[in-house]
Amino acid sequence: MKSDFRKFRLYCRLGIVFMALAMVAFVCCNIFIGGALGAAIAVTLLIVVGAVAAVFEWSAYDNLLCPKCGQRVAIPHRDSFDKENHARYRAISKGEPVVCVHCGAKIETK
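What you see is a predicted model, and the numbers here were worked out from it, not measured in a lab. (Residues numbered from 1 in each chain as written. Predicted model: local features only at pLDDT ≥ 70, side-chain atom pairs only at ≥ 80, totals over all residues. Heavy atoms only, no water.)

Asker: Got a minute to help me understand the environment of Ala53 in this structure?
Answerer: Inspection of the secondary structure assignment puts Ala53 in helix α2 (residues 35-61). Other than its neighbours up to four places away in sequence, Ala53 contacts Gly15, Phe18 and Met19. (Helix = DSSP H or I, 4+ residues; strand = E, 2+ residues; numbered from the N terminus. Contact = heavy atoms within 4.5 Å.)

Asker: Help me out: how do you make sense of the nonpolar core in this one?
Answerer: Here is a general trend for soluble globular proteins: nonpolar side chains tend to be buried in one another's company. Ranked by internal contacts, the top residues of the largest apolar core, which has 15 residues, are Phe8, Leu64 and Ile107. Those elements that place two or more of their residues in this core are α1 (5-32), α2 and α3 (83-94). Not counting chain neighbours up to four residues away, the residues in contact with Phe8 comprise Ala60, Tyr61, Asn63, Leu64, Tyr89 and Ile92. (Core = buried A, V, L, I, M, F, W, Y, C linked by side-chain atoms within 4.5 Å. Buried < 20%, exposed > 50% of the residue type's maximum accessible area, 1.4 Å probe, protein only.)

Asker: Where do I start with the pattern of salt bridges in this structure?
Answerer: Two side chains that carry opposite charge are able to pair once their charged atoms sit near each other. Counted by the stated rule, this structure contains one salt bridge. Asp62 is paired through a salt bridge with Arg72; the nearest N and O atoms lie 3.3 Å apart. With Asp62 in the loop between α2 and α3 and Arg72 in the loop between α2 and α3, the pair connects residues that are ten residues apart, well separated along the chain. The class of Asp62 is partly exposed, set by a relative accessible area of 31%. Given the relative accessible area of 31%, Arg72 is considered partly exposed. (Salt bridge = Lys/Arg side-chain N within 4 Å of Asp/Glu carboxyl O.)

Keep in mind these numbers describe shape, not what the thing actually does.
Rendered as structure tokens:
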């Protein structure tokens, strides 16, 4: 698989939209339907729509390959919380060049 930073940005945004949709659906079902039926529908919607959001996030990370070394350009958010990694993701979302974590190559992300 080759790197495609435009797909990464698109899939990340779609994952965020679907996760927000899952939370809104959960709250609306509990407010408007209520009771045991509302809770059952809300949990089911949360699981199904949340799974769609997770698939979009996973497929987004598959597009972060370095063209030089073939490994991931950045470490996934769930594995690293340092400032440099956060700056890489911010630069990718803005379309600015980044430096690969593994080989140190400068990569254009437009």
